[in-house]
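Residue-level structure breakdown
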Amino acid sequence: MPKTTKEGETDLNTSTGKYLFLFVPVTTFCLGYWQWRRHIWKTNLIEKIRSQINEEPIEFPINNLAQIEQMEYRKVHIDGTYMFQNQFIIRWRGRLDIEQNELNKSNLLSITNTSNGAQVITPFKISGTDLVIMINRGWIPPERIEFELNEGRKRQPIKKNIIGTIRGSEKPHWLLNNHPTQNIWVYKDLKQMANHCNASPILIDADNSVFNNESIEPIGNQTNIKLRNQHFNYMIQWFVYKIFLRIFEHFD
């Protein structure tokens, strides 16, 4: 085998180092640019959601259900009947309406804010059809959970006129899973939820409490419109890395 000289080893190491110093800055620049594009995309998405949230409600597209997937965060108007016997809750939820509405100090539920609360999901049969969808009636405090899972499910069907926001599935929880057979829900998977309560995989967040019976009903308006947009910070981070690498390369 040919012998490798120390001079050859030095040349090889120098060449490898040059390629490394070229590769790392280019990579950090590309990552920074990618985060910039993601920042623009997320900013536009947030503005689109806010715009849709503030638009006047339209009639629920009962004759064109295929467009539901493109209507998330769109407000709709719908008539139907609550079917309480199959309702369930999404656990470990904090209130989302507090920053959007002034608190009513005389309302017990309004001054109860804890992530140990829950959101109540109730099947809803649309008037004049056999279609059953799901309505997120709103947030309840921990002390109200057992009632909604027991006595609340014994209610007779009630007809209501609903204005609410179309929603989609959530990302799975990073640690906990849904257990439909045990009626334990920690995130919204519309297909799982629909199979559980014999409904279609369509979910609407009710805008306001629709019963307001002695202030014990779920508090509506639980649509989460706060999307994290950290891409600008990530972009700065990658570009700062690139600058430090250039400085280090200059003094090397």
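This structure is a prediction, so every number in the text was calculated from the model and none was measured.

Description of the environment of L96
Looking at the secondary structure, you find L96 in the loop between β3 (88-93) and β4 (117-126). Aside from chain neighbours lying at most four places away, what touches L96 is Q119, N221, Q222, T223 and N224.

Topic: the packing of aromatic side chains
Each aromatic ring pair is characterised by the separation of its centres together with the angle its planes make. Applying the stated criterion to the full structure yields three aromatic pairs. With centroids separated by 5.7 Å and ring planes inclined at 25°, the aromatic side chains of Y82 and F84 adopt a geometry described as stacked. With relative accessibility at 0%, the residue F84 sits in the buried group. Ring plane angle 70° and centroid distance 5.0 Å describe the contact between Y82 and F124, whose orientation is recorded as edge-to-face. On the criterion of sequence distance, the pair formed by Y82 in strand β2 (residues 75-82) and F124 in strand β4 is long-range, its members being 42 residues apart. A relative accessible area of 0% places Y82 in the buried class. Note on F124: relative accessible area 0%, which makes it buried. Here a set of aromatic residues connected by ring pairs shows up, and it is made of Y82, F84 and F124. Over the face of the ring belonging to Y82 we find R137, whose NZ or CZ atom lies 5.9 Å from the ring centre. The residue whose ring lies beneath R155 is F84, and the NZ or CZ to ring-centre distance is 5.2 Å.

Overview of unusual backbone geometry
Although it is not a glycine, N198 adopts a positive phi angle of roughly 60°. Relative to the elements of secondary structure, N198 occurs in the loop between α3 (190-197) and β7 (203-206). You can call N198 exposed: its relative accessible area is 61%.

Some points on the pattern of salt bridges
With the rule as written, the count across this model stands at ten salt bridges. The salt bridge partner of K125 is D130, with a shortest N-O separation of 4.0 Å. When its relative accessible area of 32% is taken as the criterion, K125 is described as partly exposed. For the salt bridge of E217 with R155, the shortest nitrogen-to-oxygen distance reads 2.6 Å. Highlighted residues: E217 in the loop between β7 and α4 (231-251) and R155 in the loop between α2 (145-149) and β6 (158-167), separated in sequence by 62 residues. Residue classification places E217 among the buried residues on the basis of a relative accessible area of 4%.

So, how was this worked out
- Residues numbered from 1 in each chain as written.
- Predicted model: local features only at pLDDT ≥ 70, side-chain atom pairs only at ≥ 80, totals over all residues.
- Heavy atoms only, no water.
- Helix = DSSP H or I, 4+ residues; strand = E, 2+ residues; numbered from the N terminus.
- Contact = heavy atoms within 4.5 Å.
- Phe/Tyr/Trp six-rings, centres within 6.5 Å; stacked < 30°, edge-to-face > 60°.
- Buried < 20%, exposed > 50% of the residue type's maximum accessible area, 1.4 Å probe, protein only.
- Lys NZ or Arg CZ within 6 Å of the ring centre and 35° of its normal.
- Salt bridge = Lys/Arg side-chain N within 4 Å of Asp/Glu carboxyl O.

Any functional reading would require information that these geometric values do not contain.
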